[in-house]
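Spelled out, the chains give:
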Amino acid sequence: MRKTILTLSLLGSVFVFSQEKNSNSTEKEKQIEGVVITKTKKAVEQKADRTIFDFSEQPQLNNGNVLEGIKKLPGLVSTDIAGMMYQGKILDVYLNGRPLNITSNELNSFLEGMPANSVDRIEVITQPGAEYPATSGGAIMNIITNKNANKYLTATYSGNYSFTNYDKFRSRTTNSLNLNARNKLFGWQLNVGQNYRESMLNGDQDVLLHNNTDRIGRGYFAKSGLTFDLGQDRLLLNYDIYHNNNDNYTASRGLADIPVSFDPVKYREADYEASDVAHTNNLRQEAVVTYQKRFSDKSQKLDFQFGYTKATSKFSQDNFFQRGFYTDIWQPFLYVGGENVLDNKSDMRVANFKIDYSQPIKLLDGGKVSLGGLYERQDYDTESKGLTNLEYQRQTASTYLEFQAKLKKFDFTLGARAENYDISGITRTIKDNAVLERDLTPFNKFKLFPNASVQYSVMNQVYIAANYNKKITLPSISALNPNNVIFASPNTEVTGNPDLQPTIFDNYELKISAFDYAFIGYSVSSAKDQVAQIIMKNGKNLYNKQVNISNMKIHNFNVGLPIPFMIFSKPMSEIMKFNFNPDKINFMYLYAGYQKHDIDNLNNKGFWIFNIMTQLLLPKDIKLTANYSYLTPKAGYFYFTADKPFNNNLDITLTKKFMNNRLTVSVFANDIFNGQVMQVYSNPPEGQPVMIRSKYDTRNFGISINYKIPTKNKLAKEDPNILNQTKKEDTGVMQQAQ
């Protein structure tokens, strides 16, 4: 009986969701004699080279900040110690098609400052083709915030409020407003928003350091776009600005060697406690000019784009006091704190110009050729207490050529990207009151990165695909930064590594997918010089730094399956006649993945990732969405072994629409059972291992609203997107991966 039910579930899932796909192909909203027909976006959509997660109509994802929403995506692992991975692939994070060039704590801080309700969708590109820079590494996560411009003024307001109540009551608010319109001369859009967040972080590192941090984050952003139609060509102008201003108040205690004199240098072991405050001020600005040349053949395209990004960061830490007892004779001590225990700054500038061309060609049963080039220069400087201790420069020149062809039931892609790197720099340190200067290890190489894929159509909307690509990842500015921009205590040292080398990937994947929803796949990424974080101790001192792993392989198996609940209550003949809309049925989406990190001289065990998303339609048109995520413990994750699961949380959202669907109200509860905690043991290649534990106030409750201001002209034509957009979407501004 169980086998029968399981078989019916699998078959029913495939047939049900294939009906849904055919019933939702319309993309416009039309009004005919008072009847409005609106397309409902798919929550999860599988394509040959990417997985698309809709945020705009998923209240369970967009009721907080972007980082909170990302952590709920099935198959994605996000940790403070090793960054983000999706289905075993290291993610390079893009915003509207442009790389952020940041990782770890700096990336988390940036994403925490963005309201999730400002995101339209997130695309995880697991097989980047030759048109994407080879520096995309294993995979790309592209966060897309664009909206549509209309022939009339529209305005949409989104906001939410949530709170936590651990050691004290804390509040969080986000607000955003999107305005867009078009006149006879141009289209325009302005999207502005803010984020205020009070949060808590408790951390432990063995018996040497215990800290409790009260965090206050403030984020602001503005995105603007203009589009001018020049005959059949188009000129697009974009300017975006993001600002984060955060304060962290930390009470810490531990066991450390405290300096008691400097000439000569002497230390005494002390049981101490301290109080500090850290200030972070980040500003990121991006300007992009795009010219799209169009031809009589709509599939023939030529695009020119120039972009410039400037990102500055300021980090300072002040100490209020440090007190305790020397353990040898239990003698008390008290040091009055001072300003600028840490005073670090950084400045990144990136300029690039690229050309992309594509046209159909006669190849087999039909094909397409794409080619283009990119030149990019990046300058990155860091400063500590007035000393410029890193000057980093990178120049990249690249070109690509890619062919796509179809032969009966086969689709083929074959391409290559050639890139030339010229990386150099200078680092400075102070030793014995003298400034020591040396050159960074240069990286001046020309490399070729091939990619190939083949897809076979087994039956209508059922495919088998095999992919290979060679990629490279350059160390992010966060990993290169030699300065501590996190927290300083008497026994901690947190630094980047300006001598990190790029990582070379060979990525292989085999995948079977059905009707955009169901899939099963296996992939392996072989990495040389993979960048990784290590945490170790030497005596009573703790060290947190970045290293290259000489050789590493990441194996990943994953499967996803939707199950509509009606297969348990209706005969198959009746189900097949039903016109499905995923917003109007009860269903469950199951995801499971197995991942193993193979590192030389380290016996890492694999771990399982489980995600269950359930939608239930309640009376009064109320929709309940529940999301549960779990990652098995006792497994190896780079140089760490999880003592407790990274993911173990249940989120529930209740949603109802009012005023002809123009007002959406949601109430939500995240991490209801307070199970989200990180507790790991480090396995460093040098030094002694450390137990690390961190706990945020992840259990929170709140309400969110989205209101679309009504307009008089409901038959007005909708224009293509004019805020940043990826190349795969052929209409609108093409803020493609750089």
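Draft legend 1. Representation of the packing of aromatic side chains. Per the stated rule, a full pass over the model turns up 17 aromatic pairs. Between F163 and F701 the ring centres are 5.9 Å apart and the planes differ by 35 degrees, which places this aromatic pair in the tilted class. With a gap of 538 residues between them, F163 in strand β12 (residues 154-165) and F701 in strand β40 (residues 700-708) connect regions that are remote in the sequence. Look at F163 and you get partly exposed, because its relative accessible area is 27%. Taking the centre distance of 6.4 Å and the plane angle of 25 degrees together, the rings of F221 and Y242 count as stacked.

Draft legend 2. Broad picture of the pattern of salt bridges. Under the definition given, this model contains 36 salt bridges. Put simply, D411 and K406 hold a salt bridge, and the shortest N to O gap is 3.6 Å. For K406, a relative accessible area of 37% corresponds to the partly exposed category. Each of E68, R172, R197 and D697 takes part in salt bridges that share partners, so that together they form one network.

Draft legend 3. Fine view of unusual backbone geometry. Unlike most non-glycine residues, N601 shows phi in positive territory, near 65 degrees. Relative to the helices and strands, N601 is located in the loop between β31 (587-599) and β32 (607-618). Positioned with a positive phi, N660 is a non-glycine residue whose angle comes to about 55 degrees. Take N660: it is sitting in the loop between β36 (648-658) and β37 (663-670). Residue class for N660 comes out exposed when judged on its relative accessible area of 60%.

Draft legend 4. A look at the side chain of N160. Mapped onto the elements, N160 comes out in strand β12. Within polar-contact distance, the side chain of N160 engages the side chain of T174 at 2.7 Å. Those residues within four positions of N160 in sequence are excluded, and the remaining contacts are N62, N63, G64, N117, R172, T173, T174, I703 and S704.

Draft legend 5. Representation of the nonpolar core within the structure. Of all hydrophobic cores here, the largest spans 72 residues; its most connected members are I70, M84, L111, I122, M141, I143 and F638. Setting aside chain neighbours within four positions, we find M141 in contact with I70, L76, M84, L91, D92, V93, Y94, I122, E123 and V124. Residues V350, L440, I504 and V531 belong to the second largest nonpolar core, which totals 20 residues.

Draft legend 6. Broad picture of the pairing of strand β19 (residues 331-336). Across 6 bridges, strand β18 (residues 301-326) lies against β19 in antiparallel orientation. Following the sheet pairing, Y326 is matched in β19 by Q331. Between β18 and β19, which pair antiparallel in sequence order, lie 4 residues; one of them, W330, sits at a positive phi of approximately 55 degrees.

Draft legend 7. Structural view of the pairing of strand β38 (residues 678-682). The element β38 is largely enclosed, with a buried count of 4 among its 5 residues. Note: strand β35 (residues 640-642) against β38, 3 bridges, orientation antiparallel. In the strand pairing of β38, F640 is matched with S682. Direction of pairing for β38 relative to strand β39 (residues 691-696): antiparallel, over a ladder of 4 bridges.

Draft legend 8. Local environment of the environment of T441. By the element assignment, T441 lies in the loop between β24 (434-439) and β25 (443-459). Its relative accessible area of 44% is what places T441 among the partly exposed residues. Counting along the chain gives 16 residues from T441 to G425, while the straight-line C-alpha distance between them is 8.0 Å.

Parameters at a glance
Residues numbered from 1 in each chain as written. Predicted model: local features only at pLDDT ≥ 70, side-chain atom pairs only at ≥ 80, totals over all residues. Heavy atoms only, no water. Phe/Tyr/Trp six-rings, centres within 6.5 Å; stacked < 30°, edge-to-face > 60°. Helix = DSSP H or I, 4+ residues; strand = E, 2+ residues; numbered from the N terminus. Buried < 20%, exposed > 50% of the residue type's maximum accessible area, 1.4 Å probe, protein only. Salt bridge = Lys/Arg side-chain N within 4 Å of Asp/Glu carboxyl O. Polar contact = N/O pair within 3.5 Å; in protein donor to acceptor, adjacent residues only side chain to side chain. Contact = heavy atoms within 4.5 Å. Core = buried A, V, L, I, M, F, W, Y, C linked by side-chain atoms within 4.5 Å. Pairing = 2+ DSSP bridges.

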